[in-house]
Amino acid sequence: MGVSDKKQFKALSAPKGVPDYYPPQSAAFAKVRETMVHQARLSGFQHIELPIFEDTALFARGVGESTDVVSKEMYTFADRGDRSVTLRPEGTAGVMRAVIEHNLDRGQLPVKLNYYGPFFRYERPQAGRYRQLQQVGVEAIGVDDPALDAEVVALADRCFRSLGLTGFRLELTSLGDADCRPAYREKLQEFLFKLDLDEETRRRAEINPLRVLDDKRPEMQEKLVDAPLMLDHLDDKCREHFETVTGMLDDMGVEYTINPRMVRGLDYYTKTCFEFVHDGLGAQSGIGGGGRYDGLMAQLGGQDLSGIGFGLGVDRAMLALEAEGIELDGTDSRVDVYGVAMGSAAKHRMTVLVDELRKAGISTDMSFGDRGLKGAMKGANRAGARFALVLGDQELENGTVAVKDLEAHEQHDVALEELTTHLAQRLG
Ligand code: HAM
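Residues numbered from 1 in each chain as written. Predicted model: local features only at pLDDT ≥ 70, side-chain atom pairs only at ≥ 80, totals over all residues. Heavy atoms only, no water.

Counting residues in hydrophobic clusters, the biggest one holds 91 residues, and the most contacted among them are Val32, Met36, Phe160, Leu192, Leu224 and Phe274. Core analysis: the next-biggest nonpolar cluster, separate from the first, contains 18 residues, Val337, Val354, Leu389 and Leu391 among them. (Core = buried A, V, L, I, M, F, W, Y, C linked by side-chain atoms within 4.5 Å. Buried < 20%, exposed > 50% of the residue type's maximum accessible area, 1.4 Å probe, protein only.)

Below is the structure:
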């Protein structure tokens, strides 16, 4: 189609349930993620970069086929080679796959890894529930030490607090392990099968009775009041593990409440499990969660090592900041210097000048198109620049540029060849 016969196209929107983050809000988004990653680094977690899609089998085996995430929410498709692949719905299974594949667990333990990025779940979109969600996560693999549980929980707490958030709660429980959970599971099933349950709930009670405890319907909650709880059926070693974790959190000053009815949406959890719940977010109040996963590595074909980790919701942290009226610092100013050129010769020189400044590490933008001086100066203000550089025919002839200090409202002519040094000094 030629340029002359322009057609009217309908504007497109992002897919349903997929948020965009654009300026100025996107700066806050990046800051949230950076703050969390920085905290993870301070605790010795190293970056790992993982694929966005994996073999579907990884999630079916790793996350659990009875979970909503795997049975209803995965973006699964056949690629052109007819392999079934899935956009990652969460990060833990992928980390374990990579650790096993690259023998990262053959060195010093624990292996402490940090990741961030998008995850995909075909959930019903609503406020705070997206189909592309962003997490910052950590996994500490290879040592079943309650000190690691306490470290990971305290780290998540610190991630949120270092953003300035205060309106959240930490809920904690223990889900037992392969030694004590089966007996409890039977007890719970015995209790559930005595109740008058609808068909679907009965099926759930057969496959994953713990998940029935998460039924939000008031009539179900009533029926479940006397249900046996895992926390009352831990064996001695799981109880001791949990008590050590809570004792350490107490001494670190990390506040929590015990929620023995917590049900995590993924099947791999054992022992310590936790969720961060924000009270200002309505129904989608979980801003982060995690726990220990003792059998996962073996289940994925690796050694029988345990691990613990978390995923913190970056989208939800953004909503929590908004709910608490917190604006993160340093999100408005874009550049230090802004070039304004009048006329084509000046524009040519300014383009080169701006490039020199950037090479010297000075953040610089300039006015494009044919804007008048007034419009261009508005651009300088909008960019949050400290200095505007004005270059016209007169300055070109003199070999100078007018440097306007937009804070002090004063102006000097500076020789073009001294500009970089001059600005570096004044910004230093
Ligand atoms: P998760 O609880 O499924 O855990 O997700 C972690 C966090 O991601 C949630 O607390 C929430 O903030 C955010 N999130 C989840 N789904 C959505 C959604 N649809 N829209 C917006 N935010 C969402 C995991 O994913 C585990 N892999 C965490 C983990 C790591 N456990 C051990 N290691």
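This is not the end of the story, as more comes after the structure.
To continue, consider the sheet that holds strand S3 (residues 75–78). Sheet architecture is open: three strands sit in the order S2-S4-S3, paired in antiparallel fashion. The sheet terminates laterally at strand S2 (53–55) and S3, the two strands that pair on one side only. Each adjacent strand pair in this sheet contributes to an overall mean axis angle of 30°, direction not counted. Taken together, the three bridges between S2 and strand S4 (residues 84–87) define a ladder with antiparallel strand orientation. Of the residues in S4, the one forming a bridge with Asp55 is Val85. (Pairing = 2+ DSSP bridges. Helix = DSSP H or I, 4+ residues; strand = E, 2+ residues; numbered from the N terminus. Axes fitted to C-alpha atoms, helices over the stretch in contact; angles between N-to-C directions.)

Domain parsing of the protein chain yields domain 1 (24–179 + 235–324) and domain 2 (337–427). Just the C-alpha atoms count here: the centres of domain 1 and domain 2 sit 47 Å apart. (Domains from an automatic or database assignment.)

Here we take up the site of the ligand. Around the ligand, a shell composed of 27 residues is seen, among which Glu90, Glu123, Glu139, Tyr269 and Gly286 lie nearest. Taking Thr92, its side chain carries an N or O atom lying 3.0 Å from a nitrogen atom of the ligand. At a separation of 3.5 Å, a nitrogen atom of the ligand approaches a polar backbone atom of Gly309. Protein burial of the ligand: of its 660 Å² of free accessible surface, 95% is covered by the chains. Elements with a minimum of two residues in the shell around the ligand: strand S6 (132–141), strand S10 (286–292) and strand S11 (307–313). Among the elements that take part in the shell around the ligand, S10 stands out by supplying six residues, more than any other. Grouping the amino acids of the shell around the ligand by side-chain chemistry returns nine nonpolar, 11 polar and seven charged. (Near = heavy atom within 4 Å. Polar contact = N/O pair within 3.5 Å; in protein donor to acceptor, adjacent residues only side chain to side chain. Areas by Shrake-Rupley, 256 points an atom, 1.4 Å probe, with all protein chains shown as cover. Nonpolar A, V, L, I, M, F, W, Y, C, P; charged D, E, K, R; others polar.)

One can describe the packing of helix H1 (residues 25–42) onto helix H12 (residues 314–323) by two numbers: an axis separation of 10 Å at closest approach and a directional angle of 115°. Judged on the interaxial angle alone, H12 and H1 are roughly perpendicular. Relative to H12, H1 is oriented so that their crossing is right-handed. Side by side, H1 and H12 meet where Gln25, Ala28, Phe29, Val32 and Met36 of the first sit next to Val314, Ala317, Met318 and Leu321 of the second. (Parallel < 35°, antiparallel > 145°, perpendicular 65-115°, else oblique. Left-handed = near helix turned anticlockwise from the far one by under 90°. Contact = heavy atoms within 4.5 Å.)

This part takes up helix H13 (residues 344–359). It helps to recall that an α-helix has 3.6 residues per turn; residues three or four apart then point in one direction. Over its 16 residues, H13 extends 23 Å from the first C-alpha to the last, a length consistent with the 22 Å expected when each residue adds 1.5 Å. Along H13, the residues classified as buried are Ala346, Met350, Leu353, Val354 and Leu357. End-on, the buried residues of H13 take up no more than an arc of 105°, which puts them together on one face. Along H13, exposed side chains directed more than 90 degrees from the buried face belong to Ser344, His348 and Lys359. As for H13, its buried residues are in contact with strand S12 (337–341), strand S13 (364–366), strand S14 (387–391), helix H15 (393–398) and helix H16 (419–427). Positive backbone phi, approximately 85°, marks Gly361, located one or two places after H13. (Expected span 1.5 Å × (residues − 1). Arc of directions from axis to C-beta.)

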